Structure formats: structure tokens, C-alpha cells
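Structural features, examined
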Amino acid sequence: NRLQDLGIPVILTRTDDTTLSPNERLEIIKNTWGDEEGVLVVTNALNSGGEEGADVIYSVRENDPTLANTILEQIANEGQIIRGAYTRTLPSDRTKDASFLLRNIDNATSILIEYGFLDNPTDRNKLQRELLNYTEAVIRGIALYYGIPYTEPEDLTLDTYIVKKGDMLVEGTPAPHD
């Protein structure tokens, strides 16, 4: 919604907790916008592995960290530790991206944003408190990079629900404690 507020057309590949295979995600992207120059594909993720901080992975095909660094600078302004902007390649072929989506998008610009590490207590606490600020930083970074006028949002609040033992992630299925 924030990108649309700034006049940037957006299509979400998922609006619920439905699991999509990498091929299904790729098909949605290519069928919606096509794999064309001028299209930006943003994959949002949370990391694991015990480290701390945010990363932005960009395609080895593009070989340009400018957008990734612009986004990371904005996330850093929100107080998150920055690990870096980089490409991640297949061990067997350093000319191909390790990420399925980055590897299989040929013409559109594609980035993978990892906001922090869920298995690091410090990052997990920051993510619980600051995720909306981090995502707004991404929006600000995209606007800056593309030269789109940026305006601050009116309100950055998130309804919070604490998951309880027995909660189900399938819509329409009541949790046992209800």
C-alpha cells in the first residue's frame, strides 16, 4: 500500500500464508508483469543462522549494488545493523545466482532483502519492534533510487497478535483455545 501511495504500481505474489513453490512464484511474476526491464522484483525474507543484521542480495547478472546499498543505508538509518549488499552464487557456477528467483528472472531487476535473523535474540527483538520501520526504509530506498518523490506515511502502526500454543495458520480453522 505504501508503494501505491507513492504512485508505484505493485503486485503481491502472496497476500496470505499460502505456500508457493519457487516455480509458482516465478510464474506469477512473469505472468503478471513479465520479465522486462523496468520491473523490480522484491523478495522479503527473515534470515536464520544466529548472526545479526540485514542483507540485500542482488543479482550477479546485474552486477550493480547501488539499489541494494541505497536500501541498506535507509535500513541502517532505522537502527538495524547492516551486514552488506552482495551477490550469492551457485558453488558449481559462479555466473549464476544461488537464489532461484534471482537466477530465473532474466530482464527485470530483482533483489532479496533479509531484514534480520530470527534465531538471534537481539535481532528478533528488533524485528518485533521495528519491522514496519525497516520495511518503510526499503520503500524510501526504492523511491530514492528511482527518483520518485517520497512522503512520510501518516501512521506506521501494526496490529500485534501473540501466537499461542495450538494456534493454526490455516484461515477459517479455529484455534483449540477459542
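Our structure's up above, just so we're on the same page.
In this report, the structure presented in the accompanying data block is examined. Position numbers for residues start from 1 in each chain and track the written sequence from start to end. Only residues with pLDDT of 70 or above have their local features reported here, since the model is predicted, and side-chain atom pairs are shown and tallied only from 80 upward, although totals for entire chains, interfaces and linings are computed over all residues. Hydrogens and water are ignored here; the side-chain numbers use all heavy atoms of the structure.

Quick look at the pattern of salt bridges
Between Lys or Arg on one side and Asp or Glu on the other, a salt bridge is scored when a side-chain nitrogen of the former is within 4 Å of a carboxyl oxygen of the latter. Applying the stated criterion across every chain yields a total of 9 salt bridges. Taking the shortest distance from any N to any O, the salt bridge between E62 and R61 comes out at 3.2 Å. Buried means the residue's accessible area, taken with a 1.4 Å probe over protein chains only, is under 20% of the maximum for its type, while exposed means over 50%, and partly exposed covers the values in between. Taking the relative accessible area as the measure of exposure, E62 reaches 21% and is therefore partly exposed. Classification of R61 by relative accessible area gives partly exposed; the value is 38%. For R88, the salt bridge identified is with E114, shortest N-O distance 3.6 Å. With a gap of 26 residues between them, R88 in the loop between β3 (82-86) and β4 (89-90) and E114 in strand β6 (residues 109-117) connect regions that are remote in the sequence. Within this structure, R2, D5 and E136 form a network of salt bridges that share partners. Numbering of helices and strands runs from the N terminus, with a helix taken as a DSSP run of H or I at least four residues long and a strand as a DSSP run of E at least two residues long.

Some details on the sheet that holds β3
One requirement defines pairing of two strands: DSSP has to find at least two bridges between them. Strand order in the open sheet formed by 4 strands is β1-β6-β2-β3, with mixed pairing between adjacent strands. Each edge of the open sheet is held by one strand with a lone partner, namely β1 (40-47) and β3. Looking at each pair of strands side by side, their axes are set apart by 15 degrees on average, direction ignored. Inspection of the sheet shows β1 paired to β6 by 7 bridges, in the parallel sense. Note that in β6 the partner of V42 across the bridge is I111. Angles here are taken between N-to-C directions and fall from 0 to 180 degrees, while the axes themselves are lines fitted to C-alpha atoms, restricted in helices to the stretch in contact.

Some words on the pairing of β6
Successive side chains on a regular strand alternate, one facing one side of the sheet and the next facing the other. Across the 9 residues of β6, 8 count as buried, placing the element largely inside the fold. In the sheet, strand β2 (residues 54-58) pairs with β6 via 4 bridges, with the strands oriented antiparallel. By the bridge assignment, D55 is partnered in β6 with E114.

Let's talk about the side chain of T89
The residue T89 is located in strand β4 in this model. Residue class for T89 comes out buried when judged on its relative accessible area of 16%. Two N or O atoms count as a polar contact when they lie within 3.5 Å, although within protein this holds only if one can serve as hydrogen donor and the other as acceptor, and sequence-adjacent residues are included solely when both atoms are side-chain atoms. Side chain to side chain, T89 and R94 meet in a polar contact 3.1 Å long. Once residues lying within four places of it in the same chain are set aside, the contact partners of T89 are V60, R94, K96, D97 and A98. Here, two residues are considered to be in contact whenever any of their heavy atoms come within 4.5 Å of each other.

Digging into unusual backbone geometry
Phi angles above zero are rare outside glycine, and N63 is one such case at about 50 degrees. The residue N63 is located in the loop between β2 and α3 (66-77) in this model.

Examining the packing of aromatic side chains
A pair of aromatic rings is counted whenever rings of Phe, Tyr or Trp (Trp by its six-membered ring) have centres within 6.5 Å, and the orientation is called stacked for planes under 30 degrees apart, edge-to-face for over 60 and tilted otherwise. Summed over all chains, the structure comprises 1 aromatic pair. Here Y145 and Y146 contribute two aromatic rings whose centre-to-centre distance is 4.8 Å and whose plane-to-plane angle is 85 degrees, an arrangement assigned as edge-to-face. Overall, the relative accessible area of 33% leaves Y145 in the partly exposed class.

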